Structures are given as C-alpha cells and as structure tokens.
Number of protein chains: 2
Amino acid sequence: MTQHCYDYPHPAVTTDIALFTIRDERLAVLLVRRAGEPFKGCWALPGGFVEPNECLEDGALRELAEETGVTGVYLEQLYTFGKPDRDPRERIISVAYYALAPSELLTPVAGSDAADVAWFDLDALPSLAFDHAEVIALAQQRLRAKLDYSTVAFGFMQPEFTLGELQKVYETIRGEALDKRNFRKHMLALDLLAETGTSRRVGNHRPAKLYRVAHPGAVLYIK
Amino acid sequence: MTQHCYDYPHPAVTTDIALFTIRDERLAVLLVRRAGEPFKGCWALPGGFVEPNECLEDGALRELAEETGVTGVYLEQLYTFGKPDRDPRERIISVAYYALAPSELLTPVAGSDAADVAWFDLDALPSLAFDHAEVIALAQQRLRAKLDYSTVAFGFMQPEFTLGELQKVYETIRGEALDKRNFRKHMLALDLLAETGTSRRVGNHRPAKLYRVAHPGAVLYIK
DNA sequence: TTGACATAGTGTTGTTGCAACACTATCTTG
DNA sequence: CAAGATAGTGTTGCAACAACACTATGTCAA
C-alpha cells in the first residue's frame, strides 16, 4: 500500500451519523456492530473516514449507505468532536451528523464494515463505542430544540401522512401528550400542509385525511 | 523536517475564529492580513492548524492568541467546513468557531503568522480569503438567532455595565430600536442581573446604575 | 443660578397568542 | 345495529407582549 506523507502530523477525519426514526411510538437510533478493532463487537454509530475528494455531507451519506443500506434521508451537521484521545488508534476528529427518516421506508442491512445493523430505542441503548453516547445525547437535544421552531418533524413522515400520525411524532419526541385541537390549529396555520384529497382507512374507525408537505424543501423555519 | 506518513490520505484540520465585538454601535469582526501564501496579503479570519495533542477548542483559543494577542473570550463552535477544494494547497477541513468580547478589553496585536490585525464593521468587509465570507455570514446568523433565546449578548459586556449599554448591544445585533421600558422589564425578569450598588457617570446627564451578571456561567438558556 | 440638554428610570392598557376544554362524525367489527 | 375506535371541529380565559409619555438627575454654558 502506498503511503501518504505530510510535513506536519494530520489527524484522520471521520463522519458519524445518528439516524433517528420513530418505531412503535418510540424514538430510535440506528447502530452498527463494529466488525473490526477497536471496540470490535461493540455497537456504534455508522460512519467512517472522509474520502479525499468528497465533501463532509457526501461522506456521511456514503458511509450511511455503505454500512446500513439506508439512502435518501434528511441530514444535518450536528457538531465536531475532536478530543485528542477519543480514538485509541490515532488522532481522529469526527464530524457528527444527525439524520431523520420514516422507519417504514427503511430496510437497513449490514454492509462491509459492519457485522450487524439494528434499531435501538433511545431509552434502551447498549454500551457504545468511542464517545458515541455523547453524540447521540447531543443529537437528541438538538432534535427536541428544533421541533419548536422548525419543521424537522416532517423528516420522520412518509410522503403522505395524517395529522394524527404527525401529532404522534411530536408527542414522541417531546415525551408528552398534546392537545389535538390546538395541534391541528398550529399545523394548519403554518400553511405548509396540503390535503391530498384522499384519505387513509386503517383500523375500525373513521378514515383520516391525508396530507403532504405543500412546498417541499421550501420553508424550514417557522416564523 | 520529519515526515508524517499514513496508510490513507489525511486531510489537514484547522480552526478559524470569527471574533465579534461592538464598536461605535456597529458589529465588527477581527481579521488578520495573511503573511503567507495562499491569499498572501488578503484579509482572513484568525486560525490555523490543530496541534496533535490539543482539543479543537484549545486550538482555536491558541490560534487566536498567537495571531492577535486576544485571550479570555466567550467561544462556541459554529460549523465545520469541508469542501474538498476550499483551500488550494491541500484538503483542509476547518472547524469554525465564533467568539464574543467587549471591545474595550481588547488590544489586538499582529502575531507571528499575521502581517496585520484589524477590526472591520460587518457591513464593510473587505474581500476575504478562502470561504471566510461564508463563515462570517453564518456566524452572524447564529448570533442573531441566539440573541432571542440565550444570553450570548452578555459576551459583549464588560464586567459591569448599564442597562442602556446592554440595550444598545441588542439593538446593534438586531438592527432595530427596542422599547426601553419593555427591554428593562424583560432583562430584570430573567433574574440574571444584580445591581453593583454603584453607578456610572458619563456625559452631561443622570448617572446610570451599574449591573453585573448575577450567576456567572450559570444560566445560558432562557426558559 | 438657572435654563437647556441628555440620558436614566418608571406603569398601565389593549391586543394577541396560547392553553384548556367536550362533543359529534364516520368507519369497522361482532 | 350497537359498541368501539379514531377523525374532526370552536370557544373562552389567561398570560405574555407591544405600544405608549412623563419625571428624575446629572452636566454644562450663558
């Protein structure tokens, strides 16, 4: 293998991705079981080294796809972790991202660098490699904060969804029940949702109107 | 000089610091004139390569001190910039920080790597090296956003300050005048300020009571 | 000494946004 | 056709916020 040499020491740079979804009305994060050292056999966030010619965000998406088979998610930079001793091998600086996806669309499969892939409820995390517990905690905090002044929650929704489903997502992330009438008022007042005209029949009760995001990618911040 | 070699290519990692202050009721940022290539003679944010054994934040503070002589500022991570071609020399990933300081305490002096140091009003920036214009724009956006739900503004204040001075800071960052009575009500309601008991005589008018932050470092987020 | 000037300091009121609250509608299933 | 389950819909009280004007206390100059 060819060597890559520099006049000054260079740290390695990785991306790590905390991909959240909601399963069974619980917030869950996607973890991979590490196939190699260090922390072999330990659960960790998907991620890996940034390639020389890709930007950080592309690297994050590539690693996520390679290790878990997941594509097409909402992705946002979270924080960069750089304590000198956070990796026992060498100095590794990690640019952490968090991502959101509707679990229905996802079929994670273990990739080359991962022995296994699985969803974990956030309140039942296993022991994690590196400082990944810290990363996840920060991501959850950010997610909760953005719920109030942005439309991140839409990242968990399928293309068409009911107001009841959307409310469940908000309730899950905030960890508390919300008033149905107030919730609908707020949401519809944002002028971000459009009725599809169809409705979804599920369970032995009245079908719910389906909505979609009216201006996809347009408005992300509220007010 | 000894070479540092790795099996895989490693990017270089730098920190860049956007240090803001308020001068003459205008928001200003500290820039250095680059002493070396690339962009020699061009204005840029202070910053530089991260040392092998320092964490990112320490690196940012060290570079700021080395290039500008400035120490003891409020510092917070902003964003990590990593487009592959953002530096013509090699792949360089920059972890950007923003910092706040009261201008009265600062006496920036050009350091080893900088030919010159100067404050620039944000509405009169020169042409900047690398993607530093983008960094500054993002930092300003973040600063404005945090003004509403945090106490970042205190980062611009001297240890003792009047409510009038504090209001001027808010008005400068938001770019609009605020109602004096409402502003004082809000601020005092936070229970973060304590009267020093003394007052400051300046100009031909009634002296103003001096305040200090009541619980330094304690509460950073409002409600 | 006094009047002009400049900022410090202080409460009330109307409005608006938000939270609390219960019933009817529509479908499925037994 | 009755029971059960979620969909869908308005009003009211309250609290937070915005709008608004005058007095207080100092300096300075005539």
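For the structure itself, consult the block above.
Cut-off values and rules
Residues numbered from 1 in each chain as written. Chains lettered and ligands numbered in written order. Predicted model: local features only at pLDDT ≥ 70, side-chain atom pairs only at ≥ 80, totals over all residues. Heavy atoms only, no water. Near = heavy atom within 4 Å. Polar contact = N/O pair within 3.5 Å; in protein donor to acceptor, adjacent residues only side chain to side chain. Helix = DSSP H or I, 4+ residues; strand = E, 2+ residues; numbered from the N terminus. Contact = heavy atoms within 4.5 Å. Buried area = accessible area lost by both parts, 1.4 Å probe. Salt bridge = Lys/Arg side-chain N within 4 Å of Asp/Glu carboxyl O. Patch = residues over 30% accessible without salt bridge, like charges linked within 9 Å, V, L, I, M, F, W, Y side chains within 5 Å. Areas by Shrake-Rupley, 256 points an atom, 1.4 Å probe, with all protein chains shown as cover. Lys, Arg positive; Asp, Glu negative; His and termini not counted. Charge placed at Lys NZ, Arg CZ, Asp CG, Glu CD. Buried < 20%, exposed > 50% of the residue type's maximum accessible area, 1.4 Å probe, protein only.

Engineer: Please explain the protein's contact with DNA strand D as it appears in this structure.
Structural biologist: In the neighbourhood of DNA strand D, 21 residues make up the surrounding shell, with Lys180, Asn204, His205 and Lys209 of chain A together with Asn204 of chain B lying closest. Protein-proximal atoms of DNA strand D, defined as those within 4 Å of the protein, fall in sugar or phosphate at a share of 41%. In this structure, a base nitrogen belonging to DNA strand D sits 3.0 Å away from a side-chain N or O atom of Asn182 of chain B. Arg206 of chain B is positioned such that a nitrogen or oxygen atom in its backbone is 3.1 Å from a base oxygen of DNA strand D. Elements with a minimum of two residues in the surface near DNA strand D: helix 4 (180–189) and strand 10 (208–213) of chain A together with helix 4 (180–189) of chain B.

Engineer: Explanation requested: the interface of chain B and chain A in the structure shown.
Structural biologist: When the parts of a complex come together, some accessible area is lost, and that lost area is often used as the size of the interface. Contacts between chain B and chain A engage 31 residues on the former and 31 residues on the latter. Here chain B meets chain A over a buried area of about 2,800 Å², counting both sides, of which 56% is carbon and sulfur. Three residues stand out in chain B for area buried against chain A, namely His4, Tyr6 and His10 of chain B, and they jointly supply 20% of the buried area on that side. Across the chain B-chain A interface, the total number found is zero salt bridges. The set of elements that each furnish at least two residues to the side of chain B that touches chain A consists of strand 1 (4–6), strand 2 (12–23), strand 6 (74–81) and strand 7 (92–100) of chain B. With four residues, the single largest contributor to the side of chain B that touches chain A is strand 6 of chain B.

Engineer: Would you explain a positive patch on the surface in this entry?
Structural biologist: Among the surface-exposed residues, Lys180, Arg181, Arg184 and Lys185 of chain A lie close enough to one another that they form a single positively charged patch. Judged by relative accessible area, Arg181 of chain A falls into the exposed class, the value being 64%.

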